[in-house]
Amino acid sequence: MSYLYVGVGGSGAKLMHALVHLTAAGLLPSGGRELMGLLVDSDEANGNVDACMQAVGQYERCHKLNLGTKSPLFKNRLVVHGPWTPVEDVNTANLSSIFDYTRMQRTSPEDADLMELLFSKDERELTIFEGFRGRPAIGSAIFGKTVNLEGPMWKDLYTRALNARNQDDVSLLLAGSVFGGSGAAGVPTICQVLKQELGDNINKFRMGLVLLLPYFTYDEVEDEPMQADPQAFATATAEALKYYDEGKFLELGET
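Values in this document were obtained by computation on a predicted structure and should not be read as measured data. (Residues numbered from 1 in each chain as written. Predicted model: local features only at pLDDT ≥ 70, side-chain atom pairs only at ≥ 80, totals over all residues. Heavy atoms only, no water.)

**Some details on the environment of glycine 144**
Right, so step 1: Topologically, glycine 144 is positioned in helix H7 (residues 136-146).
Right, so step 2: Accessibility expressed as a relative area gives 44% for glycine 144, which makes it partly exposed.
Right, so step 3: Taking the C-alpha atoms as reference points, glycine 144 and alanine 184, separated by 40 residues in sequence, lie 13 Å from one another. (Helix = DSSP H or I, 4+ residues; strand = E, 2+ residues; numbered from the N terminus. Buried < 20%, exposed > 50% of the residue type's maximum accessible area, 1.4 Å probe, protein only.)

**Quick look at the pairing of strand E4 (residues 170-177)**
Right, so step 1: In terms of burial, E4 is a largely internal element, seven of the eight residues being buried.
Right, so step 2: As judged from the six bridges shared by strand E1 (residues 2-8) and E4, these two strands associate in the parallel manner. In the sheet register, tyrosine 5 faces E4, and the bridge partner there is leucine 173.
Right, so step 3: Where E4 lies against strand E5 (residues 205-212), eight bridges are found, and the strand directions are parallel. Paired with glycine 176 across the bridge in E5 is leucine 211. (Pairing = 2+ DSSP bridges.)

**A word on the packing of aromatic side chains**
Right, so step 1: For the coordinates displayed, the defined rule picks out six aromatic pairs.
Right, so step 2: Where tryptophan 84 meets tryptophan 154, the ring centres are 5.6 Å apart and the plane angle is 75°; that geometry is what we call edge-to-face. Pair noted here: tryptophan 84 is in strand E3 (residues 78-84) and tryptophan 154 is in helix H8 (residues 154-165), with a separation of 70 residues, a long-range link.
Right, so step 3: In this structure tryptophan 84 comes out as buried when scored by relative accessible area, which is 8%.
Right, so step 4: Residue tryptophan 154 is classed as buried on the basis of its relative accessible area, which comes to 1%.
Right, so step 5: Aromatic side chains phenylalanine 179 and phenylalanine 233 sit 4.7 Å apart centroid to centroid with 55° between the ring planes, which places their arrangement in the tilted category. Placement of the pair is phenylalanine 179 in the loop between E4 and helix H9 (182-198) and phenylalanine 233 in helix H10 (residues 233-247), with a sequence separation of 54 residues.
Right, so step 6: The class for phenylalanine 179 is buried, based on a relative accessible area of 3%. (Phe/Tyr/Trp six-rings, centres within 6.5 Å; stacked < 30°, edge-to-face > 60°.)

**Considering unusual backbone geometry**
Right, so step 1: Cis rather than trans, the peptide bond between glycine 82 and proline 83 has omega equal to 5°.
Right, so step 2: Its place among the elements puts proline 83 in strand E3.
Right, so step 3: Notably, aspartate 100 is not glycine yet its phi reads approximately 50°, a positive angle.
Right, so step 4: With relative accessibility at 34%, the residue aspartate 100 sits in the partly exposed group.
Right, so step 5: Positive phi outside glycine occurs at methionine 153, with the angle close to 75°.
Right, so step 6: Along the chain, the position of methionine 153 falls in the loop between H7 and H8.
Right, so step 7: Exposure remark for methionine 153: the relative accessible area of 30% places this residue in the partly exposed category.

**Details of the pattern of salt bridges**
Right, so step 1: Enumeration over the complete set of coordinates arrives at five salt bridges.
Right, so step 2: Close ionic contact of arginine 77 with glutamate 34 constitutes a salt bridge, the shortest N to O distance being 2.2 Å. Of this pair, arginine 77 sits in the loop between helix H2 (47-63) and E3 while glutamate 34 sits in the loop between helix H1 (9-24) and strand E2 (35-40); the two residues are 43 residues apart in sequence, bridging distant segments of the chain.
Right, so step 3: Look at glutamate 34 and you get partly exposed, because its relative accessible area is 22%.
Right, so step 4: In this structure, arginine 103 engages aspartate 100 in a salt bridge whose closest nitrogen and oxygen atoms are separated by 3.1 Å. (Salt bridge = Lys/Arg side-chain N within 4 Å of Asp/Glu carboxyl O.)

**Some details on the nonpolar core**
Right, so step 1: Counting 43 residues, the largest nonpolar core has Val6, Val40, Trp154, Leu174, Ile190 and Leu194 as its most contacted members.
Right, so step 2: The leading source of residues in this core is H9, at seven residues.
Right, so step 3: Counting residues in hydrophobic clusters, the runner-up holds 16 residues, among them Leu19, Val49, Cys52 and Val80. (Core = buried A, V, L, I, M, F, W, Y, C linked by side-chain atoms within 4.5 Å.)

This is the structure we're talking about:
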């Protein structure tokens, strides 16, 4: 059995970090199987992503050591890619540039009107290099536009999944927060992309979802006009879960 993991946002990277330590201790995956992870985050400088990738690098060095056949430590092969970002230049990218809003106004005015209806001018021009500032609607639109299973990083995971499926079961776990921006947007959107791309094959995968509830807070940043409000995390969580349930976004079929 192959084990695949997709961690979205800082919380998804934090969970991957924990999986690295569990793998190092020989606790998973069972049977010496490979664990492959992919981190997804528009914020390339996310501290949780950086800490996770540092741990992965340390694991790889320890995995090459000769610890003897009886030792379970660092035995499993571990591969983690990322972070995958929606665009190459996240420093300047925003909703308008990703969807080419200027051209859209000329060629598809109805779509441009819809974007204006759904997103304010500030939201359309919000750069994504530090995430989606607790606005999953922005992230959902961008992930839906840019996630491509045939693209860089996704291709490796997709190919491994399909190849492994022909030989044995494949377990795929997706994780992210449900109260912020990246995780709340990315987890259900990626689920839907997988469902569309894999079709009936989705039922051949063992799928798991981890949605993290609010577990931290912080002070607001001065002179930052658009930012996530930690006081609204509980409300955002309730609304997101209701939205996912009513829209059946997390239903992938028989799993």
